[in-house]
There are 2 protein chains.
Amino acid sequence: MATSAQIIDIGQEYIQKVGFHAFSYRDIAKRVGIRTASIHYHFPTKADLAMAIVERVREATSAAIADIDASARSAGERLRRYCGLFLRTWGQGDRLCPMCMLAMGQDAIPEEVRSGVRDFWQSGESWVAQTVRDGQASGEFRPDLDPRTVGRTFVAAMEGAMVAARAFTDRTRIEDVIDHLIDSVTARRTGGATAV
Amino acid sequence: MATSAQIIDIGQEYIQKVGFHAFSYRDIAKRVGIRTASIHYHFPTKADLAMAIVERVREATSAAIADIDASARSAGERLRRYCGLFLRTWGQGDRLCPMCMLAMGQDAIPEEVRSGVRDFWQSGESWVAQTVRDGQASGEFRPDLDPRTVGRTFVAAMEGAMVAARAFTDRTRIEDVIDHLIDSVTARRTGGATAV
DNA sequence: GTTTATCTATCTATTGGTAGGTAGTTTACA
DNA sequence: TGTAAACTACCTACCAATAGATAGATAAAC
C-alpha cells in the first residue's frame with residue numbers, strides 16, 4: 001500500500017482510539033516503519049494529516065449513505081442502516097467515530113478540521129431529517145414529529161452511544177440506543193385508529 | 001480559595017474544554033499563579049488530579065440528583081431536570097461533560113479514572129431507568145418501554161448532544177435532544193383510548 | 001520544631017517541525 | 001537513444017519548546 005495511505009489509516013485509528021492529542025508522528029512512524037520526517041513529507045503538519053483524514057471519512061460516509069439511499073426500501077430501513085454505520089465503525093476494533101473525537105477539542109483542534117467535522121455532523125442531521133419526512137409521508141413514522149429535532153437527536157444519540165460503548169467496552173450500549181431511537185419515530189396504532 | 005481547589009477547578013475546566021491530553025501542569029500553574037512543582041505537591045501525578053476531579057464531579061452529580069428526587073413532583077419533571085443538568089454544564093462557559101471527555105481515551109486515560117467514569121455513567125443510566133419505571137407506574141410514560149434501554153439512550157443522547165453543542169457552539173442542539181427524548185417516553189392517547 | 005506550602009533548579013523524554021542530503025524514477029529533448 | 005534536469009520518497013541530524021516529574025532549599029504557620 002502507498003505510504004501516505006498507511007499514514008492516514010494509522011492516524012485515523014489513533015484519532016478514533018485515543019484522540020488527536022494523544023498520539024504523535026513518532027507513534028505512526030514506528031508502526032509504518034519509517035521516520036517522522038517522512039511523515040512530514042506527506043503531511044507537513046499534524047493539522048494537514050487530520051484534514052486528510054476528515055476528508056476521507058466524509059467521502060466514505062457520503063458513499064455509504066448514497067448506497068443506503070439507492071437500495072433501502074423504506075424510511076425505517078434507511079434509518080436502521082444509518083445507525084448500522086456506527087455499529088460497523090465500532091466493530092472495526094472498538095473504534096469511536098473520528099469526527100466525534102475531533103469535535104470535542106475546541107481551539108485545541110485546528111479550525112479547518114473542526115469546520116469539516118461540522119459539515120459531516122450537519123449532513124447527517126439533515127439526511128435523517130429528510131428520511132423522517134419521507135417516513136411521515138408514507139405513514140411509517142409519527143406525523144407529529146419535528147424532523148429537524150429528530151435528525152439532531154439521532155446523530156447526538158449515536159455519537160454518545162459510541163462513547164458509552166467505549167467506556168464499558170460494550171456493543172449493546174449502541175444497540176439499545178438504536179432500538180429506542182427507531183421506536184421513538186415509529187407510528188403506533190392504538191385504539192384501532194391510525195394516527196394519520 | 002484554597003490552592004488545591006483552584007487547581008481542581010481549572011483542571012476540570014481544561015478537561016471539559018480540550019480534554020485530558022491537551023493541557024499541561026504549566027497551563028494550570030500560569031492561571032493559578034504558582035509553579036508546576038507546587039501542583040505536583042498537591043497532585044503528584046496528572047492521574048491523581050484527574051481522579052480528584054472525577055470524585056468531585058461524582059459528588060456534585062449525586063447531590064444534584066438527590067435534590068431532584070427530593071423536590072420533583074412527577075417522573076416527567078425528574079427527567080426534565082436531569083437533562084437540565086447537562087444544559088447547566090453547557091451554560092458554564094460552553095463546557096462539555098468532564099466524564100464524557102475522560103471516557104473517550106481508552107488506555108490513554110488511567111484505568112482508575114475510567115473506572116470512576118463508568119460508575120458515573122452507569123448510575124445515570126440506572127437512575128433514569130428507575131424514573132421511567134416510576135413514570136410507567138403513574139401512567140405518565142408509555143408502558144411498553146424497556147427502562148434499561150431508555151436509561152442508556154438518555155445518557156448517551158445527552159452526552160452526544162453536548163458534543164454537538166460544542167461542534168456548533170449552539171445550545172439548541174441540547175434543547176432539541178431533550179425535547180425529543182421526553183417526547184419519546186411520554187404516554188400518548190390516540191383514537192380516544194389510553195394505551196394502558 | 002515540625003508541618004505545610006511554596007520556591008528554584010534541574011532532569012529525562014518527547015513534541016511538532018526543519019535542514020539538507022541521497023538513492024531511484026520519470027520526463028524533456030537534442 | 002542518450003543524457004541532463006526534475007521529481008519522489010525517503011533518510012540522518014538537528015532544533016526549540018514542552019511534557020511530566022523530582023530534589024532540595026526556604027519561609028511561614030501551628
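Please refer to the structure higher up on the page.
Computed from a predicted structure; not experimentally measured.

1. What to know about the relation of the copies chain A and chain B
Part 1 of the reasoning: Note on the copies: chain A fits chain B at an RMSD of 0.0 Å, the axial shift is 0.0 Å, and the rotation between them is 180°. Between the two chains, the operation in question is that of a two-fold axis.
Part 2 of the reasoning: With an isologous cut-off of 70% or more, the 100% of interface residues of chain A that recur at the interface of chain B puts this contact in the isologous class.

2. Overview of the protein's contact with DNA strand C
Part 1 of the reasoning: Surveying the vicinity of DNA strand C reveals 16 residues, the closest of which are Arg26(A), His40(A), Thr3(B), Ser38(B) and His42(B).
Part 2 of the reasoning: Considering DNA strand C, the proportion of its atoms within 4 Å of the protein that are sugar or phosphate atoms stands at 70%.
Part 3 of the reasoning: In the model, a phosphate oxygen of DNA strand C is placed 3.4 Å from a nitrogen or oxygen of the Arg26(A) side chain.
Part 4 of the reasoning: At a separation of 2.9 Å, a phosphate oxygen of DNA strand C approaches a polar backbone atom of Lys46(A).
Part 5 of the reasoning: Breaking the surface near DNA strand C down by element, the ones donating at least two residues are α2 (25–32) and α3 (36–42) of chain A together with α3 (36–42) of chain B.
Part 6 of the reasoning: Top contributing element to the surface near DNA strand C by residue count: α3(B), with four residues.
Part 7 of the reasoning: When the residues that make up the surface near DNA strand C are grouped by side-chain class, the tally is six nonpolar, seven polar and three charged.

3. Comments concerning the side chain of Arg142(A)
Part 1 of the reasoning: Inspection of the secondary structure assignment puts Arg142(A) in the loop between α7 (111–138) and α8 (147–168).
Part 2 of the reasoning: Engagement of the side chain of Arg142(A) in a polar contact is seen with the backbone oxygen of Ser184(A), the distance being 3.1 Å.
Part 3 of the reasoning: Discounting residues that sit within four places of it in the chain, Arg142(A) has contacts with Gln136(A), Ser184(A), Val185(A), Thr186(A), Ala187(A), Arg188(A), Asp183(B) and Arg188(B).

4. Observations concerning the protein's contact with DNA strand D
Part 1 of the reasoning: Neighbouring DNA strand D are 17 residues; Thr3(A), Ser38(A), His42(A), Ser24(B) and His40(B) lie closest to it.
Part 2 of the reasoning: Sugar and phosphate atoms represent 68% of those atoms of DNA strand D found within 4 Å of the protein.
Part 3 of the reasoning: Thr3(A) places a polar side-chain atom, nitrogen or oxygen, 2.7 Å from a phosphate oxygen of DNA strand D.
Part 4 of the reasoning: The greatest single-element share of the surface near DNA strand D, amounting to four residues, is contributed by α3(A).
Part 5 of the reasoning: Residues of the surface near DNA strand D, tallied by class, amount to seven nonpolar, seven polar and three charged.

5. Brief notes about the interface of chain A and chain B
Part 1 of the reasoning: Contacts between chain A and chain B engage 45 residues on the former and 45 residues on the latter.
Part 2 of the reasoning: Buried area between chain A and chain B, both sides added, is near 4,100 Å², and the carbon and sulfur share of it is 61%.
Part 3 of the reasoning: The largest per-residue losses of area from chain A upon contact with chain B belong to Met104(A), Arg152(A) and His180(A), which jointly make up 16% of the total buried on that side.
Part 4 of the reasoning: Remark: the boundary between chain A and chain B carries ten salt bridges.

6. Comments concerning the pattern of salt bridges
Part 1 of the reasoning: Tallied over the full model, the rule gives 40 salt bridges over all chains.
Part 2 of the reasoning: Note that Glu77(B) is salt-bridged to Arg73(B), the shortest N-O span being 3.9 Å.
Part 3 of the reasoning: According to the relative accessible area criterion, Arg73(B) is exposed, its value standing at 74%.
Part 4 of the reasoning: We note a salt bridge from Glu111(B) to Arg114(B), for which the minimum N-O separation is 3.4 Å. On the criterion of helical spacing, the pair formed by Glu111(B) and Arg114(B) is a turn pair, its members being three residues apart in helix α7 (residues 111–138).
Part 5 of the reasoning: Judged by its relative accessible area of 41%, Glu111(B) falls in the partly exposed class.
Part 6 of the reasoning: Counted as one network, the salt bridges with shared partners bring together Glu125(A), Arg148(A), Arg152(A), Asp170(B), Arg173(B) and Asp176(B).

7. Quick word on the packing of helix α1 (residues 3–17) of chain B against helix α2 (residues 25–32) of chain B
All names here are of chain B.
Part 1 of the reasoning: Orientation of α1 relative to α2, taken along the N-to-C sense of each, is 125°, at an axis distance of 10 Å. Taken together, the axis directions place α1 and α2 in an arrangement best described as oblique. In this structure, α1 crosses over α2, and the sense of that crossing is right-handed. Contact with α1, carried on its side by Thr3, Gln6, Ile7, Ile10, Gly11, Glu13 and Tyr14, involves Asp27, Ile28, Arg31 and Val32 of α2 and no other residues of that element.

Parameters and conventions
- Residues numbered from 1 in each chain as written.
- Chains lettered and ligands numbered in written order.
- Predicted model: local features only at pLDDT ≥ 70, side-chain atom pairs only at ≥ 80, totals over all residues.
- Heavy atoms only, no water.
- Least-squares fit on C-alpha atoms with pLDDT ≥ 70 in both.
- Contact = heavy atoms within 4.5 Å.
- Near = heavy atom within 4 Å.
- Polar contact = N/O pair within 3.5 Å; in protein donor to acceptor, adjacent residues only side chain to side chain.
- Helix = DSSP H or I, 4+ residues; strand = E, 2+ residues; numbered from the N terminus.
- Nonpolar A, V, L, I, M, F, W, Y, C, P; charged D, E, K, R; others polar.
- Buried area = accessible area lost by both parts, 1.4 Å probe.
- Salt bridge = Lys/Arg side-chain N within 4 Å of Asp/Glu carboxyl O.
- Buried < 20%, exposed > 50% of the residue type's maximum accessible area, 1.4 Å probe, protein only.
- Axes fitted to C-alpha atoms, helices over the stretch in contact; angles between N-to-C directions.
- Parallel < 35°, antiparallel > 145°, perpendicular 65-115°, else oblique.
- Left-handed = near helix turned anticlockwise from the far one by under 90°.

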